[in-house]
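Coordinate analysis (summary)
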Amino acid sequence: MSSTPGAPIGRRNFLRNTGIAAFAILGTGALAACTSAVNQQRGGADNAAPVRGGTLKYGVLLDLVPANILTNTGTTPYVVGLVFESLVRYPHDRLEPRPLLAEKWTLAPEGTSITLELREDVKFHSGRPFTSKDVEFSLRTYADAKWSAQLKSTAAAITGFDTSDPHKIVLTFAHPLGNIFDLLDTVPILDRESVDQLGTGEKIVGTGPFRFVQRIPNSQIVFERNPDYWVPERPYLDRVELSVIPDSQAQLNALKSGQLHYADGITYRDVENLGKTDGFRTFPFEGAELQVYVGVNVQDPALSDVRLRQAIAYAIDRERIVSEVFRGAGYPVNVPWPKSSPAFDAARNTRYARDVNKAKQLIAQLPKPPKIPLTYSSTVGTHEASAQIVQADLAEIGLEVELVPTDNATFVRQLIGAQFPGLWLTDHSWAQFVPSTLTVSAYPFNARKNASRYESPAYVTAADGAWKLKQGIGSEATQAYQALSDQLLESLFLIEIGVRFPQGAQTKKLHGFNWTKRRESVLTEAFLA
């Protein structure tokens, strides 16, 4: 049940057969026991007996943007984790899907269809039973461009939905999808009766352990226990309150004073110190790594020359950023994949080791570049600190950079809309999933439309080749991922800095805190004692 961030994923741990893959049912008791064991370890629990009732006070940096509910940005993961559920769920340390709303499944030998058998004891918060038609509705909605969901291309590749049995669905694909379980792990099952009010935040209705009660913009989001939840006697908590506290120091003070049980926005340095303080526990979100990177608008006249992008890649002091900003909770990379990924390749991660002289030689070959803007979210302290180091590194090679702090909502809008004028710095996710998901889905990487406005037939071919495999691991997949990595290293429309582990900080009164690979809060087993 343990999760090891650097452990390789064995072939047997991912889609165990190339043809038919059938997975055993986890009964309710087994599921609860497995989840509880993971929670005890992840939360660093001290074997306290579960206690019913109580209100969990949870601090977040940002308010929910309801229109972004399918984007995995900002506070969305916490809300999705409380209210919604997906068909399957990956454990922290492996790309091996486990049952959730789907009890078992069979992938066709040719990889172009899957049959999922659904739980029969699940209800939406409205009381309506969950059926196969809800799966179809959720997948079709996720594919709708208006929601800006990152895996919409994979959802759109589902061409057939057989819902003749309310407790079984057969999905047919346009071609094999090596990342189909990424999609099934990600898409929240939505309530078709209230979806028009989902985007406005008036109603947020799912099948999860907590029901949405109230949202006070820029202040608080409140949830209450779902009394009809399909896991017996769960959740333990009566209520969860997300309080919007946009200042990391204020969050730290609230946690120390007992006003919060869990704080999302504390700095790495403060987490490091808090971990040495009685009454608190801290932990890394293993399996839910983020990657910090510098994005490049390649349509900018100066940045359109790959030699300037190479100079930037050589100039950045990745080791310093990982050490100083993230307090060593990560490691430098040149390509996006974490060590647990089947695409990870240590050799390719040394391509752009820091080399100031080489960077200066490349700059000398070019006309003097103008001052280049570097945009970052002012809400996230690590982004500001990382951007300042990048600015100093580039000044060392004669490249002047102007820092442009931007509020988070505007930053996300610019990312999705490919509106950055020069460089930007932020995190990306999805690299901890099947590698093809990143390059056909994520805003920064999508081969057909990305935030850098980068276009390349060769990159599209490499991305599609990895995506259309029957399974996402094995020698064929490894070759496909190497081709993807080489495209990224040659083009440098994104310049990776490092993998980082988000850090959790909580009082020792909180037990059983868990998360998904997207950092969605899983509080089914959480309790206060």
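As the structure is a computational prediction, the values presented were derived from the model and not from experiment.

Observations concerning empty space enclosed by the protein
Considering all chains together, one arrives at seven cavities of 30 Å³ or more under this definition. For the second largest cavity, the calculated volume is near 100 Å³. What lines the second largest cavity is a set of 13 residues, among which Ile69, Leu70, Asn72, Thr186 and Glu520 lie closest to the centre. Here the lining of the second largest cavity takes three residues from helix H2 (residues 76-83), the largest share from any one element. Residue composition of the lining of the second largest cavity, grouped by class: seven nonpolar, four polar and two charged.

Some thoughts on the sheet that holds strand S17 (residues 401-406)
Backbone-to-backbone hydrogen bonds pair the strands of a sheet. The strands run either parallel or antiparallel. Strand order in the open sheet formed by six strands is S15-S19-S14-S18-S16-S17, with mixed pairing between adjacent strands. Strand pairing shows two members of the sheet lacking a second neighbour, strand S15 (330-332) and S17, which therefore form its edges. Taken pair by pair, the neighbouring strands of this sheet meet at an average axis angle of 25°, ignoring direction. Along the sheet, helix H10 (residues 318-325) makes contact with S15 and strand S19 (494-500), crossing S15 at roughly 165°. Lying on the sheet, helix H13 (residues 408-417) is in contact with strand S14 (290-296), strand S16 (372-377), S17 and strand S18 (423-428); it crosses S16 at an angle near 120°.

A few points about the packing of helix H15 (residues 457-467) against helix H16 (residues 475-491)
Two elements in contact, H15 and H16, have axes separated by 9 Å at closest approach and are oriented at 155°. In terms of their interaxial angle, H15 and H16 are classed as roughly antiparallel. As for how H15 packs across H16, the hand of that crossing is left-handed. When H15 is examined against H16, the residues Ala458, Tyr459, Ala462, Ala463 and Ala466 are found in contact with a partner set consisting of Ala480, Tyr481, Ala483, Leu484, Gln487 and Leu488.

So, the layout of surface pockets
The calculated volume of the second largest pocket comes to roughly 260 Å³. Considering the residues around the second largest pocket, the lining is formed by 17 residues, among which Leu62, Asp63, Val65, Asn408 and Ala409 are closest to the centre.

Points about the nonpolar core
In terms of nonpolar packing, the biggest core is built from 146 residues, with Leu87, Leu171 and Phe223 touching the most fellow members. Membership of the second largest hydrophobic core comes to 11 residues, among which are Ala254, Leu255, Ala263 and Ile266.

Brief notes about helix H7 (residues 248-256)
Those residues of H7 that sit buried are Gln251, Leu252, Ala254 and Leu255. Down the axis, H7 shows its buried residues gathered within 165° of arc, on one side only. Summarising the contacts, the buried residues of H7 are in contact with strand S2 (55-60), strand S12 (262-263), helix H8 (268-274), strand S13 (280-284) and strand S20 (503-507). With a side-chain oxygen positioned 3.1 Å from the backbone nitrogen of glutamine 249, the residue opening H7 is aspartate 247.

Comments concerning the pattern of salt bridges
Tallied over the entire structure, the rule returns 30 salt bridges. Two residues, arginine 307 and aspartate 305, come together in a salt bridge whose shortest N-O distance is 2.9 Å. Using a relative accessible area of 30% as the deciding quantity, one classes arginine 307 as partly exposed. Between arginine 354 and glutamate 396 there is a salt bridge whose closest N-O contact spans 3.0 Å.

What to know about the packing of aromatic side chains
Counted according to the given criterion, the structure contains 24 aromatic pairs. A centroid spacing of 5.6 Å and a plane angle of 45° characterise the contact between tyrosine 58 and tyrosine 78, whose relative ring orientation is tilted. Of this pair, tyrosine 58 sits in strand S2 while tyrosine 78 is found in helix H2, placing the two residues 20 residues apart along the sequence. Among the residues examined, tyrosine 58 registers a relative accessible area of 1% and is labelled buried. With a centroid separation of 4.7 Å and 45° between ring planes, the pair formed by phenylalanine 285 and tryptophan 515 is classed as tilted. Highlighted residues: phenylalanine 285 in the loop between S13 and S14 and tryptophan 515 in strand S22 (residues 514-515), separated in sequence by 230 residues. Summarising the burial analysis for this pair, phenylalanine 285 and tryptophan 515 share the class buried. Through a chain of ring-to-ring contacts, the aromatic side chains of Tyr58, Tyr78, Tyr262, Phe283, Phe285, Phe513 and Trp515 assemble into a single cluster. Over the ring of tyrosine 331 we find lysine 339; its NZ or CZ atom is 4.4 Å from the centre of that ring.

Criteria and thresholds
- The written sequence of each chain sets the order in which its residues are numbered from 1.
- Predicted model: local features are reported for residues with pLDDT of at least 70 only, side-chain atom pairs are reported and counted for 80 or more only, and whole-chain, interface and lining totals are derived from all residues.
- Values shown for side chains rest on all heavy atoms present in the structure; no hydrogens or waters enter the calculation.
- A 1.4 Å probe that fits but cannot get out identifies a cavity on a 1 Å grid over protein atoms alone, an open set with protein on both sides within 12 Å along at least five of seven lines counts as a pocket, and a residue lines either if it has an atom within 4 Å of a point.
- Grid points are joined across faces, edges and corners, and a volume is the space filled by probe spheres set on the points.
- For the purposes of this entry, the term helix denotes a DSSP run of H or I that reaches at least four residues, the term strand denotes a run of E that reaches at least two, and both are numbered from the N terminus.
- For this classification, Asp, Glu, Lys and Arg are treated as charged, while Ala, Val, Leu, Ile, Met, Phe, Trp, Tyr, Cys and Pro are nonpolar and the rest, including Gly, are polar.
- Paired strands, as defined in this entry, are two strands with at least two bridges between them according to DSSP.
- Only the stretch in contact is used when a helix axis is fitted, and all axes are lines through C-alpha atoms; the angle between N-to-C directions ranges over 0 to 180 degrees.
- Only heavy atoms matter for contacts: two residues are in contact if any of them lie within 4.5 Å across the pair.
- Oblique is the label for every angle not falling under 35 degrees (roughly parallel), over 145 degrees (roughly antiparallel), or within 65 to 115 degrees (roughly perpendicular).
- Should the near helix be turned anticlockwise from the far one by less than a right angle, the crossing is left-handed, and should it be turned clockwise, the crossing is right-handed.
- As used here, the term nonpolar core means buried Ala, Val, Leu, Ile, Met, Phe, Trp, Tyr and Cys residues forming a set that is joined through side-chain atoms within 4.5 Å.
- Remark: exposure states derive from per-residue accessible area (1.4 Å probe, protein chains only) relative to the maximum for the residue type, with buried under 20%, exposed over 50%, and partly exposed in between.
- Directions pointing from the helix axis toward each C-beta atom define the arc.
- Polar contacts, as used here, are pairs of N or O atoms within 3.5 Å; protein pairs need one atom able to donate a hydrogen and one able to accept it. Residues neighboring in sequence count only if both atoms are side-chain atoms.
- Within this document, salt bridges are pairs made up of a side-chain nitrogen of Lys or Arg and a carboxyl oxygen of Asp or Glu, the two lying within 4 Å of each other.
- A pair of Phe, Tyr and Trp rings is counted when the ring centres sit within 6.5 Å of each other, with Trp represented by its six-membered ring. The angle between the planes then sorts it: under 30 degrees is stacked, over 60 is edge-to-face, the rest tilted.
- Only Lys NZ and Arg CZ are tested; either one counts as a charge over a ring when it is within 6 Å of the ring centre and within 35 degrees of the ring normal.

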